Amino acid sequence: MLIILRILITGTLIYVFDQMRTQGLGTNISGDLTQAFYMGIVLVLAIMMAAVWAPYLGERIADPITGEFTSASYSGYSRNLPRLIRWFEARRWRRLTLICCIFEGLDNPDFPMPFTTGLRHTIKGSWWEKVFALEVFRFDNAQNCLEAADILKERHNYIVEEHTRPSISVALKKRDRVAEPPRKPKTLPKAPPPPRPKRNQRIRLFLDDTVKSKAKPQQSSSAPFEKNLESPSPVR
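Residues numbered from 1 in each chain as written. Predicted model: local features only at pLDDT ≥ 70, side-chain atom pairs only at ≥ 80, totals over all residues. Heavy atoms only, no water.

Q: Honestly, the overall build of the chain in this entry has me stumped. Any pointers?
A: Summing up its helical and strand segments, the chain has 10 helices and 0 strands in all. In the chain, the succession of α and β elements from N to C terminus is α-α-α-α-α-α-α-α-α-α. Split into buried and exposed, the 236 residues of the chain put 23% on the buried side. If you take every contact in the chain between residues at least 6 apart in sequence, the share linking residues at least 24 apart comes to 52%. A total of about 19500 Å² of accessible surface is found on the chain, and carbon and sulfur atoms cover 62% of it. (Helix = DSSP H or I, 4+ residues; strand = E, 2+ residues; numbered from the N terminus. Buried < 20%, exposed > 50% of the residue type's maximum accessible area, 1.4 Å probe, protein only. Contact = heavy atoms within 4.5 Å. Areas by Shrake-Rupley, 256 points an atom, 1.4 Å probe, with all protein chains shown as cover.)

Q: Any chance you could explain the pattern of salt bridges here in plain terms?
A: Pairing is possible between side chains that carry opposite charge, provided their charged atoms lie close to one another. Per the counting criterion, the structure on display carries 6 salt bridges. Between glutamate 135 and arginine 138 there is a salt bridge whose closest N-O contact spans 2.6 Å. Between aspartate 140 and arginine 165 there is a salt bridge, with its nearest N and O atoms 2.8 Å apart. You can see aspartate 140 sitting in the loop between helix H6 (127-136) and helix H7 (142-156) and its partner arginine 165 sitting in the loop between H7 and helix H8 (166-176), a full 25 residues away along the chain. Each member of the pair aspartate 140 and arginine 165 is classed as buried. (Salt bridge = Lys/Arg side-chain N within 4 Å of Asp/Glu carboxyl O.)

Q: Looking at this structure, how should I read helix H4 (residues 94-107)?
A: Since the α-helix turns once every 3.6 residues, residues separated by three or four places project in the same direction. The terminal C-alpha atoms of H4 lie 20 Å apart, and with 14 residues this matches the ideal 20 Å at 1.5 Å per residue to within 8%. For H4, the set of buried residues is Thr97, Leu98, Cys100, Cys101, Ile102, Glu104 and Gly105. (Expected span 1.5 Å × (residues − 1).)

What is shown is where atoms sit, not what they do.
Rendered as structure tokens:
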């Protein structure tokens, strides 16, 4: 109904603008209030047009930012059919729950509750399970979308890879990514032995006999003390 009102109001506004242009070209009489009359109609139509188009445009602008918080979560609403679904589900009447979910999904296709509930109560591998899984995959709840993708892939051979929400598409690709097997360690060639360090010819650890004979003996000042330490008599 809202779509029909948008089309009618937009078309009427365009028609009024066309009449204003036609009347304005052929009017040369001072004091003619035709244009003022058309301006009043345009004002009323503009208010009506803003009322019918504002929800749609606002949703398109804000959905990339707030969609993860609004569309992905369950929003309860007080109606008789959802109450019946919860009542039948609490008593484990699967067939009646599924029938109510079908009618509720046809009546309110923008709410995820009837599709997620109906998917839990369908027969595994049935046609209704595929239909409900595809409908659940339309919404923005990442966990429900991954479960629906698993059901479609395992039981119905239907693979879904892309989603309108980029984060869910990334989760699907990350989940299906196959881990590479661990690689075998590469054997490295043995390193050659380090080169032998060259001896510094200026360093001498032992003196030859010729050098010892040339060297003059030096008396150290501690010789008397060493003699006293070696003698058994006390030092005075």
